[in-house]
Amino acid sequence: MAQKPSTPKGTRDFNPEQVAKRNYIFNAIRGTFQTFGFQPIETPSFENSSTLMGKYGEEGDRLIFKILNSGDYLAKANSEAYETKDSNKLISSISEKALRYDLTVPFARYVVQHQNDIEFPFKRYQIQPVWRADRPQNGRFREFFQCDADVVGSKSLWQEVEFIQLYDQVFSALKLEGVTIKINNRKILSGIAEVIGASDKLIDFTVALDKLDKIGEEKVKEEMLNKGIPQSGIDKLKPLFTLSGSFESQIESLKGILETSEEGKKGIEELAFINTAISELGLNTTTLQLDVTLARGLNYYTGAIFEVAAPKTVKIGSIGGGGRYDDLTGIFGLKNVSGVGISFGLDRIYLVLEQLGLFPETVTKNVEVLFINFGDKEALFSLKAIKELRLHGINAELYPDAAKMKKQMNHANKRQIPFVVLVGEEEINSNMYTLKNMNSGEQFKFDLEALIVHIKNIE
């Protein structure tokens, strides 16, 4: 019995309509990246294991897909590890390569490897698939695309300002309104931890604070106490728990909380600078919002932290994020190369546009005109016309077989092709073409020039 075909768990096939819609998003993002001066790079789908392992923490390392060495990989296996079933030691002897887990670490490797050829500051974008051996669930896949843009080699805050504008321009291009760009700063979180006497518990503190809108003030305080943060310190957080209002008013409240922290005050200055610039420049469809509970990627973000929230009418997680990092390339020996980067969540943006009905009808436009095949003589005459239509930007094709007319018409209907052209003996002799509108059923006769004009006018 033949095996039933299937895709591996956590992977997907995309039909022509889905690919067209995904390309619509890709094109909006790619076009904006290029408008802002970002240059494309691509890195291999797999890297040396030594490049990836140890860069994502213990949990991340477990989710990296390993590639077995080619040939008789067991011949070079660590025999002791094989006997004792020590997976970690065994893997290192039978697998030297792995599929990339994200685009950030390969980018850091690229910068260090090509540092003598790169003109800094270097603005790069990358749109490629990544792989994670995660447990597949709704919205979480083992293979998915990342759309990243980074600038390395500059500490200027104008880069953060530009990234906010870039997000805004992409969502404007996609006609997506009501998006919120949330921003925070690692220095502010470090400053708050310092003020409450919890500098050594920064991660515990931020993990608890991040849950404020989910579990409420009392539960957050309880979690902080359980993590060893002193009650006296938690009491100083009272203004933080009620922080709301405009960006400017939140900044003023933070100045009071962080008056004794130099690190915290620097974070306030940076956020104020970015907000003042954005207020002057203006945003089209998005809103910039300060969120002091925002703490994503604390393991390597050192300055600004971004998270992009979908419109409130759509219940979905973040659709983008990023931040400033001061030493990403340090993991490969190149110190003090500051960078800032953002990412777009393609799959979630797709779901948002789908739910809100924001994909243009033309996005899935495929073939506009199908020429009916009545035989070889008629087919050759049709192909001469098809060649001209294509030169004028009209998607056209010939049905390959001289099948029954009904079958060819049904084919046009199933593929939602709006026009068919009929070319028989009479049309060849008069050098005319009979065009049928498949929606209205109307038929007209045109010469080739008029045929092109008519189809383009209706597009």
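Residues numbered from 1 in each chain as written. Predicted model: local features only at pLDDT ≥ 70, side-chain atom pairs only at ≥ 80, totals over all residues. Heavy atoms only, no water.

- An unreviewed UniProt entry lists the protein under the name Histidine--tRNA ligase, from Flavivirga aquatica.
- Turning to the protein, the UniProt annotation filed under Subcellular location (unreviewed entry) states: "Cytoplasm". (UniProt positions renumbered as here; feature names shortened; annotations may be inferred.)

A few points about the packing of aromatic side chains
Two numbers describe a pair of aromatic rings. These are the distance of the centres and the angle of the planes.
Phase 1 of the analysis: Applying the stated criterion to the full structure yields 16 aromatic pairs.
Phase 2 of the analysis: With a centroid separation of 6.3 Å and 35° between ring planes, the pair formed by phenylalanine 107 and phenylalanine 122 is classed as tilted. Within this pair, whereas phenylalanine 107 is found in helix α6 (residues 104–113), its partner phenylalanine 122 is found in strand β5 (residues 122–131), the two being separated by 15 residues in sequence.
Phase 3 of the analysis: Pairing tyrosine 167 with phenylalanine 171 gives two aromatic rings, centres 6.2 Å apart and planes at 10°, and the pair type is stacked. (Phe/Tyr/Trp six-rings, centres within 6.5 Å; stacked < 30°, edge-to-face > 60°. Helix = DSSP H or I, 4+ residues; strand = E, 2+ residues; numbered from the N terminus.)

Side note on the sheet that holds strand β12 (residues 369–371)
Phase 1 of the analysis: The sheet built from 5 strands is open, its strands ordered β13-β12-β14-β15-β16 with mixed pairing. With one partner strand each, in any of the chains shown, β13 (396–398) and β16 (443–446) form the two edges of the open sheet. Along the sheet, successive strands turn relative to each other by an average axial angle of 25°, direction set aside.
Phase 2 of the analysis: Here β12 runs beside β13; their pairing, made up of 3 bridges, is parallel. Following the sheet pairing, valine 369 is matched in β13 by alanine 396.
Phase 3 of the analysis: Contacting β12, β13 and β15 (433–437), helix α17 (residues 376–391) crosses the sheet at an angle of about 165° to β13.
Phase 4 of the analysis: The sheet strands contacting helix α20 (residues 448–458) are β12, β14 (419–422), β15 and β16, and the helix crosses β15 at an angle near 15°. (Pairing = 2+ DSSP bridges. Axes fitted to C-alpha atoms, helices over the stretch in contact; angles between N-to-C directions. Contact = heavy atoms within 4.5 Å.)

Topic: the side chain of aspartate 291
Phase 1 of the analysis: Mapped onto the secondary structure, aspartate 291 falls in the loop between β8 (286–290) and β9 (304–309).
Phase 2 of the analysis: Despite its burial, aspartate 291 pairs with no opposite charge; the closest candidate is lysine 182, at 4.1 Å N-O.
Phase 3 of the analysis: Not counting residues up to four positions away in its chain, the partners in contact with aspartate 291 are Lys182, Ile183 and Asn184. (Buried < 20%, exposed > 50% of the residue type's maximum accessible area, 1.4 Å probe, protein only. Lys, Arg positive; Asp, Glu negative; His and termini not counted. Salt bridge = Lys/Arg side-chain N within 4 Å of Asp/Glu carboxyl O.)

Examining helix α11 (residues 217–226)
Phase 1 of the analysis: What α11 keeps buried is the set Val220, Lys221, Glu223 and Met224. Looking straight down α11, one finds that the buried residues subtend no more than 160° of arc, so they occupy a single side. Looking at α11, the residues exposed on the side facing more than 90 degrees away from the buried face are Glu218 and Asn226.
Phase 2 of the analysis: The inward-facing, buried residues of α11 abut α9 (202–209), α10 (212–215), α12 (231–235) and α13 (238–241).
Phase 3 of the analysis: Looking one or two places after α11, you find glycine 228, whose phi comes out positive at around 90°. (Arc of directions from axis to C-beta.)

A short note on a nonpolar patch on the surface
Phase 1 of the analysis: A surface patch of nonpolar side chains, about 380 Å² in accessible area, is lined by Leu68, Tyr73, Leu74 and Tyr82.
Phase 2 of the analysis: Mapped onto the secondary structure, leucine 74 falls in the loop between β3 (66–67) and α4 (79–84). (Patch = residues over 30% accessible without salt bridge, like charges linked within 9 Å, V, L, I, M, F, W, Y side chains within 5 Å. Areas by Shrake-Rupley, 256 points an atom, 1.4 Å probe, with all protein chains shown as cover.)

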